[in-house]
Amino acid sequence: MKNTVNSSTPQGVVSLRAEYRQDALGVGVTRPRLSWNVQVDRPGWEQSAYQLTCDRGQGLIEQASRVETGNSTLVAWPFAPLRSRERVSVQLTVWGRDGQPLQTRIPLQVEAGLLDPGDWRARFITSGVDEDPAVEHPAALFRCEFEVKPGLVSARLYSSALGVYEALLNGGPVSDAVLSPGWTSYKHRLRYQVTDVTGMLATGDNLLAARVGEGWFRGRIGFLGGRRNRYGERTAFLGQLELRYADGSIDHVITDPAIGWSCSTGGIRMSSIYDGETYDARLEPQGWTEPGFDARAWSGVREVAWDLQTLTAEEGPAVRRTEVLRPVAISRSPAGKLLVDFGQNLVGWTRIRVSGRAGRTITLRHAEVLEGGELCTRPLRIAKATDTYILRGEGVEVWEPRFTFHGFRYVEVEGWPGELAADDIAGVVVHSDMVRTGWFECSNAEVNRLHENVVWGMRGNFLDIPTDCPQRDERLGWTGDLQVFAPTATYLFDVGGFLSSWLRDLAAEQGEDGMLPILVPDTIRVRPSCAGWGDAAAIVPWVLYERTGDVGVLQRQYASMKGWVEQVLDRVSGSGLWDWGMQLGDWLDPGAPGHEGGRRTNPYVVASAFLVNSLSIVTRVARILGETEDEARYNAAWQRTRDAFRAHYVTSAGRVMSDSQTAYAMALRFGLLDEEQREAAGARLNELVAQEGFRIGTGFLGTPLVCDALVETGHLDTAYRLLLQTEAPSWLYAVRLGATTIWERWDSLLPDGSVNPNEMTSFNHYAFGAIADWLHRCVGGLAPGAPGYRKVIVQPQPGGDLAWARTRHITPYGEAAVRWEIKSGMLRVEAVVPPNTTADVRLPGQPAFTVGAGDHAWEVPYAPASTATPLTVDSNLVDLRADKALWAALAAAIGAVDASATAWLDSPSLAVVKAQTLRDVLGLHSRYRDLVEAVQSVFQKA
Ligand code: BGC
């Protein structure tokens, strides 16, 4: 085995960050934890100490003492707590084991937001006009003129809204954030935004303005018709502009009915998250966002009572426009409709550039798929997903909606004046602007497309909250969907801030009794306590901890985790199992069409398995947090429940009740079996997958588990066959049918290309994309070996016909990467191990070893594991048919016994009788023994 190490990089501390933010403007805590990465060219570099310095301005420098430690992520703030609005500059020196110091290249600017509700002088203001809450209303426009004196040194806008808003200063939006303040459990937590607006102001007259739409706050939200006014009947704006002058004085411009604010409506006649936006450009008052506009006809404003204690700083990134796509085709449908195809199922909206006469109306209808060449809006259910633009009629007009979003690949355009050119229409991609941290690629183009689809699925569904889907009348924070996708999400993007915010909402929405909504933020108020969904309370913080090393998130969520398992323990029946009540089960199990809850795997087997898993997580968390009594309690409950599971659902020989892919995947991954049972269960899982023609047989809950369960019981080859399968149900089936995102159902499109007639059929649901985590860890070979990747596991496991793969992840310590390639009987593996970490390296056929930071390469002899278990009468028909010569010989031998029997070999009714092996087929015949004998001789000759 050869090993080479080399590296040449500039030295220093890079990416110092406060909590999960590199841009630390408006942090919401007094003691933000700090993390950093270093860049060094010394292989094996490890940190031995660090020292932080804080410049608090006006010559006040606070130097913390040097800390002898290797810790470099989320370390405690060593300085005096931040005060509201305080801005400091933090520098860092770290020392390696070699004693050499490294320094911050660019100090980190940390600025606190408004940390105390008493800091808010502003009040929420709404229009002075009465409104009927039952009907939709135009967006409200607010404006207020103010004066800036000479000598301005800095200006900050603190703002939020009941609804969704855009704040403007002197004609332009204050930031590139859209759909602010996003969606949280508003009654508990309403985010505010902090913007540095110094550069937007000039001495003299200035104008602060805002547009506020109904958004999630007041607009219709929820399925089965949904409901308006979930959080309140009035939309409102909150703004506090603070102007600091050179002489130390501060002016405030605040929303307050007593100050000169006026309100009206403009172009946005209607805006709805689900239905779209209608904009009449003729009705937008010209110049209203600039000082000097005559607003005498506008109404005054009123205060809306809202608890300012709910105001909370942002933790994750804002929602922004992140990409603009051009059409790949503009065409006429068979019915003559004008259709634009963006070539990619995306989430966001359409931007148009148009000129025409005043009053001309352009309608843009959005959908993910076509059917019969026409826009297929059936899967949207009652979401209209339609934007309407009415021209002002003055030259070139450029427009895009503000307070809605759509999931779409196609747009049907109506009313366009003249010819629609590709330059006149664009697809604007919108989502939480998370930093990309994970990549994967391999020698199979279809697998690469699958991975791309996962990334697009995540982009579309991480729009302020993690949603199930982005297009129909849902777009809700289904907890189960995120639970299965969280490991993938944490690899692909930096989701630390995004998910910790969502988890706060989860805890806030949890009842005193520990009951959780199945949606966060909750919109249905029914709390069915469902396994796999409620378990998000334990699993998601655990995944975050595993991937980021954040113990704080465990501390914060601990009560919520406990609350969840405690209330399930209360439900456990006399059997010791969670075996009653409503369950969603292995949702969308492909073997149970029409039964979304899945029927192949008994939902109580699922529920009890998840309970054991969550108890195991809570036990580990209790240990980490030093909660010894809890640890003993949950450990005992874990053991009891696991024993009950074994007693009721597992035979001593390792068969698991329901005998399904999901049942075995859970039993193996959740530690429900003893050693001997594990082996037998692995073998049975392998057999089941083979019997199903190497097609996936899992729903939401089993999908993230099944490939790992196969690999860890020695069936890597079968896991690859599942991955590379192209017939339905499988991951690549969708890719073959042209999918550009992950579908909700394995067959959202049916093999004939028609849309699955089920009314719940989305083309952008990330749950089945959970396979990407396995791609990263097992195919790519990069996995966390200790919380936050302090230790990395480098273990590529080549298989299928893949010739190479590579994956990369920006860990909390910096970039880690693995690349492998099979060439001339050798497996060459290259790895990048981040500074201050080590890697456990496990190469095929080699003893494991450990290496330090740096670039590494190894070469080991490699022969693909022989997939050629000899073909026999018990082999799968799929494998037998693949060997054409053998298949012909078998057919001939069977024909010699009974000419009519050969017709059975390819009969479609084999699927009905579930014949998977040749023996299954021959067993249908009265001359079974003769036939077996005849084919045996063929196998012997082969
Ligand atoms: C959602 C799912 C969700 C499920 C649970 C569906 O309507 O789209 O993804 O988890 O309901 O009931």
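Presented here is an overview of the structure given in this document. Every value quoted in this text rests on a predicted model; they were computed, and no experiment measured them.

The rules we used
Residues numbered from 1 in each chain as written. Predicted model: local features only at pLDDT ≥ 70, side-chain atom pairs only at ≥ 80, totals over all residues. Heavy atoms only, no water. Helix = DSSP H or I, 4+ residues; strand = E, 2+ residues; numbered from the N terminus. Buried < 20%, exposed > 50% of the residue type's maximum accessible area, 1.4 Å probe, protein only. Contact = heavy atoms within 4.5 Å. Areas by Shrake-Rupley, 256 points an atom, 1.4 Å probe, with all protein chains shown as cover. Lys, Arg positive; Asp, Glu negative; His and termini not counted. Charge placed at Lys NZ, Arg CZ, Asp CG, Glu CD. Polar contact = N/O pair within 3.5 Å; in protein donor to acceptor, adjacent residues only side chain to side chain. Phe/Tyr/Trp six-rings, centres within 6.5 Å; stacked < 30°, edge-to-face > 60°. Lys NZ or Arg CZ within 6 Å of the ring centre and 35° of its normal. Pairing = 2+ DSSP bridges. Salt bridge = Lys/Arg side-chain N within 4 Å of Asp/Glu carboxyl O. Disulfide = S-S within 2.5 Å. Expected span 1.5 Å × (residues − 1). Axes fitted to C-alpha atoms, helices over the stretch in contact; angles between N-to-C directions. Near = heavy atom within 4 Å. Nonpolar A, V, L, I, M, F, W, Y, C, P; charged D, E, K, R; others polar. 1 Å grid on protein atoms, 1.4 Å probe; cavity = no way out; pocket = protein on both sides within 12 Å on 5 of 7 lines; lining within 4 Å. Points joined across faces, edges and corners; volume = space filled by probe spheres on them.

**Quick look at the overall build of the chain**
Looking only at helices and strands, the chain features 20 helices and 46 strands. Seen through its C-alpha atoms, the chain measures out along the principal axes to roughly 100 × 75 × 60 Å. Within the span of the chain, comprising 942 residues, buried residues form 60% of the whole. Partitioning the contacts of the chain with sequence separation of at least 6, the portion at a separation of at least 24 is 73%. If you sum the accessible surface of the chain, you get close to 34500 Å²; carbon and sulfur atoms cover 50% of it. Taking the average location of the 93 positive side-chain charges in the chain and that of its 112 negative ones, the two points are 1 Å from each other.

**Points about the side chain of T184**
Looking at the element boundaries, T184 is found in the loop between β15 (172-173) and β16 (190-191). Engagement of the side chain of T184 in a polar contact is seen with the backbone oxygen of R189, the distance being 2.6 Å. Sequence-distant contacts of T184, defined by excluding residues within four places in its chain, comprise R189, L190, R191, Y231, S501, D505 and P521.

**Quick word on the packing of aromatic side chains**
Counted by the stated rule, this structure contains 37 aromatic pairs. With 6.1 Å between their ring centres and 65° between their planes, F237 and W261 make a pair best called edge-to-face. Within this pair, whereas F237 is found in strand β19 (residues 236-245), its partner W261 is found in the loop between β20 (250-254) and β21 (262-265), the two being separated by 24 residues in sequence. Chaining the aromatic ring pairs together yields one cluster made of W533, W587, F700, W731, W746 and F768. A cation over a ring is seen here: R642 above W638, with NZ or CZ 4.7 Å from the ring centre. Taking the ring centre of W439 as reference, the NZ or CZ of R808 above it sits at 4.2 Å.

**Section: the sheet that holds strand β12 (residues 140-148)**
One open sheet accounts for five strands, arranged β15-β14-β18-β12-β21; its pairing is antiparallel. A strand with exactly one partner marks an edge of an open sheet, and here the two such strands are β15 and β21. By the bridge criterion, two bridges tie strand β14 (residues 164-169) to β15 in an arrangement that is antiparallel. Looking at β15, one finds that L169 is bridged to G172.

**Observations concerning the pattern of salt bridges**
In total, this model carries 73 salt bridges according to the counting rule given. A salt bridge links R402 to E166, with the nearest nitrogen and oxygen atoms 2.9 Å apart. Taken as a pair, R402 in the loop between β33 (397-399) and β34 (406-414) and E166 in strand β14 lie far apart in primary sequence, 236 residues in all. For the salt bridge of R600 with E692, the shortest nitrogen-to-oxygen distance reads 3.5 Å. Placement of the pair is R600 in the loop between α6 (551-571) and α7 (603-624) and E692 in the loop between α10 (675-691) and α11 (703-712), with a sequence separation of 92 residues.

**Details of the state of the cysteines**
Tallied over the entire structure, the rule returns zero disulfides. Free cysteine C707: the closest other cysteine sulfur is in C778, separated by 8.2 Å.

**So, the environment of E566**
Among the structural elements, E566 can be located in helix α6. Judged by relative accessible area, which is 24%, E566 ranks as partly exposed. With 156 residues separating them along the chain, E566 and L722 place their C-alpha atoms 37 Å apart. Filtering out sequence-adjacent residues up to four positions away, E566 remains in contact with R633 and Y634.

**Side note on α7**
For α7, with 22 residues, the first-to-last C-alpha span of 31 Å sits near the 32 Å given by 1.5 Å per residue. Among the 22 residues in α7, 17 count as buried, and that is most of the element. Where α7 begins, the capping side chain belongs to N602, and its oxygen is found 2.7 Å from the backbone nitrogen of Y604.

**Some words on the sheet that holds strand β39 (residues 782-784)**
Spatial ordering of the open sheet is given by β39-β40-β44-β45, a layout of four strands whose pairing is mixed. Across the chains shown, the open sheet's two edge strands, defined by having one partner strand only, are β39 and β45 (849-851). Averaged over all pairs of adjacent strands, the angle between their axes in this sheet comes to 30°, without regard to strand direction. Note that strand β44 (residues 838-841) and β45 share three bridges and pair antiparallel. When the sheet's bridge partners are listed, V841 is paired in β45 with F849.

**A word on the site of the ligand**
As a matter of local geometry, the ligand sits amid D468, R472, E474, W478, D481, W533, L584, W587, F700, E744, M760 and H765. The separation between an oxygen atom of the ligand and a polar side-chain atom of D468 is 2.7 Å. The contact in question runs from an oxygen atom of the ligand to an N or O atom on the side chain of D481, over 2.5 Å. For the ligand, whose accessible area on its own is 310 Å², the fraction buried by protein is 94%. Taken together, the residues that form the shell around the ligand break down as six nonpolar, one polar and five charged.

**Considering empty space enclosed by the protein**
Applying the stated criterion to the full structure yields four cavities of 30 Å³ or more. Around the largest cavity, the lining comprises 15 residues; the ones closest to its centre are R191, E314, P317, A318 and D464. Per-class residue counts for the lining of the largest cavity are seven nonpolar, five polar and three charged. A volume near 80 Å³ is recorded for the second largest cavity. Lining of the second largest cavity is provided by L450, N453, S730, W731, A734, V735, T741, I742, W743, R745, W746 and F768. Mapped onto the lining of the second largest cavity, the elements with two or more residues apiece are α2 (445-461) and α13 (731-736). With three residues, the top contributor of residues to the lining of the second largest cavity is α13. A per-class count over the lining of the second largest cavity returns eight nonpolar, three polar and one charged.

By themselves, these figures tell us nothing about what the structure is for.
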